[in-house]
Each structure stands twice: as C-alpha cells, then as structure tokens.
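Per-entry structural report
Spelled out, the chains give:
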Amino acid sequence: MSHTSRPVSPAVARQNQDLLSSLPFSDTQDFKDATRGLLGTRTPNAITNPAGEVVWDNDTYAFLHGEAPETANPSLWRQSTLNAIQGLFEVVPGIYQVRGFDLSNITFIEGERGVLVLDPLVTEETAAAALALYREHRGEKPVTGVLYTHPHVDHFGGVRGVTTQEEVDAGRVPIIAPEQFTEHAASENVYAGTAMSRRSAYMFGAALARGPHGALGTGLAQTVATGNITLIAPTLEITATGQSETVDGVEMVFQMAPGTEAPAEFLVYFPAHKALCSAEDATHTLHNLLTLRGALVRDPHAWSNYLTETLDLFGAEAEVVFASHHWPTWGNERVTRFLSEQRDLYAYLHDQCLRLINKGWTGIEIAEELKLPPALENAWHARGYYGSASHNLKAIYQRYMGWYDGNPAHLWQHPPVEQGKRYLKLGGGADAVVEQARAAFEDGDFRWAAELASHVVFAQPEHAGARELLADTFEQLGYGAENGVWRNIYLSGATELREGTFGTPTVSGSADVLSALTPEMLFDAVAIQVNGPKAWEEKLTVDVVLSDVDRRFRLRLANGALTYSAAPQQGDADATLTATSRALPALATGGLSADALAKAGIGVAGDAAVLARLAAVLDPGDPDFAIVTP
Ligand SMILES: [Zn+2]
C-alpha cells in the first residue's frame, strides 16, 4: 500500500464480494490451459537493457495468487493471475510460446532448418530473452523467418532481438506481414501520437505501483516492456485470404482481416499442426472497439464477419487456437465454441447497439442498459478485461452517429471550467458541492461523487478538499473495476491529483519507426505543429528534394496551413532543402535551425531565413498536458 492509498469502502468491498457468487469461479479450465505444456521459466524473470536497467520484470506480479483482496475486483484478479504466468510452453509439438515476457506473446514454429518467429514482442530486449529461453529448451535453432500479424507495436517492436537487417537483406529471413503493414505501423505515431502516449500512461498504468492497491495488469497482459522498440520492414506481403506460403518447410494459410482489431491484420493457419493463430481477433477478453488512449473506432461488424469466415475456413479442422495474447484453447469442440462465442460477442454488441440507436437511444443510455446474453456473460473469455461492453457500446454509437447525441441541449455546451463555475453557483459554492460529493461517496455513488468533485476541481483547481475527495473517489472506482484498463485509469487519476502529473513515462516512437514514415507523413507531422493564429499572416514556400529517390515536393505555408504537393510547380520556392529519405525524419523531430539541418545532413539553398520563419510558428505537442485538472 503506497502512503497515499485508502482502504476499500464498504460499498466496493460488498460489490466485489457479490461477484464471487455470480460468476463461475469453480470453472478452472483457464488455469489448466494457461499452464499446459510448460517447459521452463526464466527465474528470476527480470530482463535488462545494455545499460543494466530493468525493462521487464514479471516477478513484480508475484503478489497475484490465491483469493482476491478487498481492493481488487475478483474477476480482474483472476484474469491478472492467469496473465502473470510466465514461461515457455508447448502449444503442440513444433509450436511453442513464451508468455509473460511483455504485453504480448511470442510464438516459435519449428521448421526444417530453424524456427519461425511470430509476433516478436514490444522490445528487442524482451524478444531476445524469450528466444534465449526457447533455445535453452529446444536447441540453438537459427531464426528462418518472422511474421507480424498486425502493425501494433507489441507485434513487431522486438524484431531486432530475434534477427538482423543483414539476415533479412541477404534473403535468409523473410519478414511476412499483411499488406499496408508499414504505413499503419508508422502512421499511428504521427497524427495524435503525443496525446495517445500521454493517455497511454493512464491506460497502462506505467507510473503506478503494482500490488493489491495498485496496478494489477491491463487484462490483455500485465503491462508493456520499456526497452528498445525496433522495426525491420516486411519483405513478403500477404494480400489475399487463402494465400499459402511455405517458409523453412512450414506451410501457412492466411486469412486477411483488415479493419478488425487493427487496420491491417491476418490470421494464420498451420495445416500440419492443425493449429490456428487468431492474431488478436479472438483472445480471452472482450477486446477494444475504441482503445481508451484514443484511436479511430474499430468495426465490430467486420470483426464478427471475419470470425465467421475463420470458422468456415478452419473450424472443421483446427485442434488448437492460440493468439498473441493469453493462452491457447485445445480440442476442436472447444476451439469452435471459443471462436463462435467471440464472433457472437462482437455481432451482438454491434447489432443490439444499432437496434437501440434506431429507437432513439444514445450511447450513454445503451452502455448503461444493454446486457449480454447469460452464455456470454458467463464465458470468461468474453468478459470486459481490456475492452468493456460499456465503452465499446459508446464506441459503436460514435462510429455510426458521432459525438452529438441529437439533443439540442448538448449541441453547444459550456466547456469544463465554465461548467464547473456554474455548477458551483448552482450548488451554493465549492465547499457545499464538495459536501454533496462526500455524501454521494458515503452512499457508494462514486460516479456522482466523481462528477461533482471534478466540477469543483475544474472551477477551483486549488481546492484541496475537492482534489482529495476526487482522488479517493477515483480510487474506489479503481478498486471495483473489472476492466484492467479502467482500474489503471482511475488509479492514475488519483495518483496525479495527490502527487502531481507524471507526464508520459513511456516512449512510443523510435528511430526505426520514424524511418518508416513516408515523406508525406513527415510533412503532415510538421503541418500539425503549425500554430494557426501565429501563422495567419505568414506566406512561404519550401521545396524538399529527396536526392536518393529523385522526388521533389513543394511545401506551402499560407492562411495558417502547411500543405504540400509532389506535382511540378510554377516558379522557384523561397528555399530548397536537399536530403536523403533516411535523413528526412530529422525535419519533423530535430527542428529547422541551420545547426540541426546541417547535423542531419540536410542541405539548404535559397533564402534560409524562411526556415527560421517556419520554425518560429511551430508549436509541438505537450507530453505533460493536464487530464484531471484544467
Ligand atoms: Zn497486441
């Protein structure tokens, strides 16, 4: 217990206790599956980077065993206990997984000469440690191929821990990925990257102590490793369902599933093993349709349809399904039931949400009222540990209807600070509103207590009583949350109210990821930094010449907007920059000063002063922006 944590309230303790009798805790099949085929563990588990810093340590979750304490939702406790099981496991002879070494699983498929690696974790340190554990038990096999199921960082970031650019360039190690992998891997970090990273800190709970009063895990896995994120571009793109590839004697049949859990994604079937990798489209949680760090809304309709296709393609034959998170499911009957229930879960949420939208319900109402069928409610893998029915239903509303709920009273509301001031006036001042919030807290109505106390904090951020009560309220909401991410978010909010901002403690980008950005994405990255009002009166043009690929772009700043074109342009630009593709990322990250450009090897011709004028209107994002305070 950290010095600031408070004990559980009677209301949350009771709610947590009640879950023990309403959910099927006597069903322990998941524990059998999560430990099946264990070949060995890494003990102690701590993994360090070359500087000796710990980037991952699953041993910090050793507190997760036995019955849940009062400060934890017992369903989340159970899920976290399962996710904290680490080691090398045999899925079937020839297919092995290392689990509990990062946010994701790494899978090894043995070939004739060596071993294929599927989804090499987040960082090169954790991936290398996983490969070492595999080799300790299965021999010094060379890596003969790598697969990325989709472009989220936990499925490619550790690639340099299992192979090298030289091996790939020499054609000895193909890198297999779904089409459009690289542009999606890179683009997520460009447009809203700073904000997503800041909010990821809340979501993954990086700044939280781990323990019964702190972080328990994300529900998808425990947390994310903090080592070096790498990327080697794919050399073999998968473009069609039914496409079959054989690498090192291993036959693989692919199913494309773009626009599901990721914009580019494939599932892959190994016929010789009767083993299906469901990537991240069927896991032991209701997944996110809208991840709470912020993202574009995903498509539950497509997701469900693709799982129907998965069943049609492989359901008759598959004897095991494994994913890049959680543990496998064995036996054809259980495999098809698992995939069918996952399919029905996304279909049900989608269809029922639209049914109610068409009756005039809003997202917040649907999320409150819609219940899952009992069979899905009692299926452990369908529960909301990472996604939740609540925030997913709001996401479906958002996907189809947008932020406006149709009520004119909500079309033009005051922003939070102005709302706060008016609520305080309504409630008879800050102290009186805090008293009302405290009464709601005592009644166990933490949602209302949070709303009231948050109005006070936004109107009067220095009000110590309001901050303290809001922190205590968030903490109780965290103690009661079944969703690992909700718990992290609430406890992060409480932590920042008590101790101040923790900013963005984890890095999301890296040199490898930046170098995968297209020139257009890099220009976009500059354009979104232009401070509009400051640039209203600026007018300038800059040509960017990419010497190695013989391309030329005209960048134009006018009316506060930086736009670009690759078409031939009239007249000369004010200045011309000459760079190689490799050097170009420095434009977006290193600044536009003469020194910075020279250091990056970017040549300048023409009127260099326009670059200073452009630099003067750039206004980069703030990785420390406030969330729970104005
Ligand atoms: Zn993942």
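For the structure itself, look to the data block above.
Residues numbered from 1 in each chain as written. Predicted model: local features only at pLDDT ≥ 70, side-chain atom pairs only at ≥ 80, totals over all residues. Heavy atoms only, no water.

Observations concerning the environment of P50
- Examined against the element boundaries, P50 turns out to sit in the loop between β2 (47-48) and β3 (54-56).
- By relative accessible area, P50 is classed as exposed at 84%.
- For the pair P50 and G227, spaced 177 residues apart in sequence, the C-alpha to C-alpha distance is 9.6 Å. (Helix = DSSP H or I, 4+ residues; strand = E, 2+ residues; numbered from the N terminus. Buried < 20%, exposed > 50% of the residue type's maximum accessible area, 1.4 Å probe, protein only.)

Side note on the pattern of salt bridges
- Overall, the coordinates contain 24 salt bridges when judged by the stated rule.
- Two residues, K421 and E418, come together in a salt bridge whose shortest N-O distance is 3.2 Å. A residue pair is termed a helical-turn pair when its members lie 3 or 4 positions apart in one helix, as K421 and E418 do in helix α13 (residues 416-426) at three residues.
- A relative accessible area of 44% means that K421 is categorised as partly exposed.
- E418 sits in the partly exposed class, given a relative accessible area of 27%.
- Within the structure, one salt-bridge network assembled from shared partners comprises R6, E468, D472, E475 and R498. (Salt bridge = Lys/Arg side-chain N within 4 Å of Asp/Glu carboxyl O.)

Comments concerning the pairing of strand β8 (residues 143-147)
- Judged by how many residues are buried, β8 sits mostly within the fold: five of five residues are covered.
- Pairing of strand β7 (residues 115-118) with β8 involves four bridges; the strand directions are parallel. Looking at the pairing, V117 lines up with V146 of β8.
- You can see the chain leave β7, run along helix α4 (residues 124-138) and come back into β8, and the turn it takes is right-handed.
- Note that β8 and strand β9 (residues 175-178) share two bridges and pair parallel. Bridge assignment links L147 to a residue of β9, and that residue is I176. (Pairing = 2+ DSSP bridges. Right-handed = clockwise from strand over helix to strand, strands pointing away.)

Here we look at unusual backbone geometry
- Note that the residue after T43, namely P44, is joined by a cis bond; omega there is -5°.
- Mapped onto the elements of the fold, P44 is located in the loop between β1 (38-40) and β2.
- Even without being a glycine, K274 presents a positive backbone phi close to 50°.
- Positive phi outside glycine occurs at D550, with the angle close to 55°.
- Turning to its location among the elements, D550 is positioned in the loop between β17 (540-546) and β18 (551-558).

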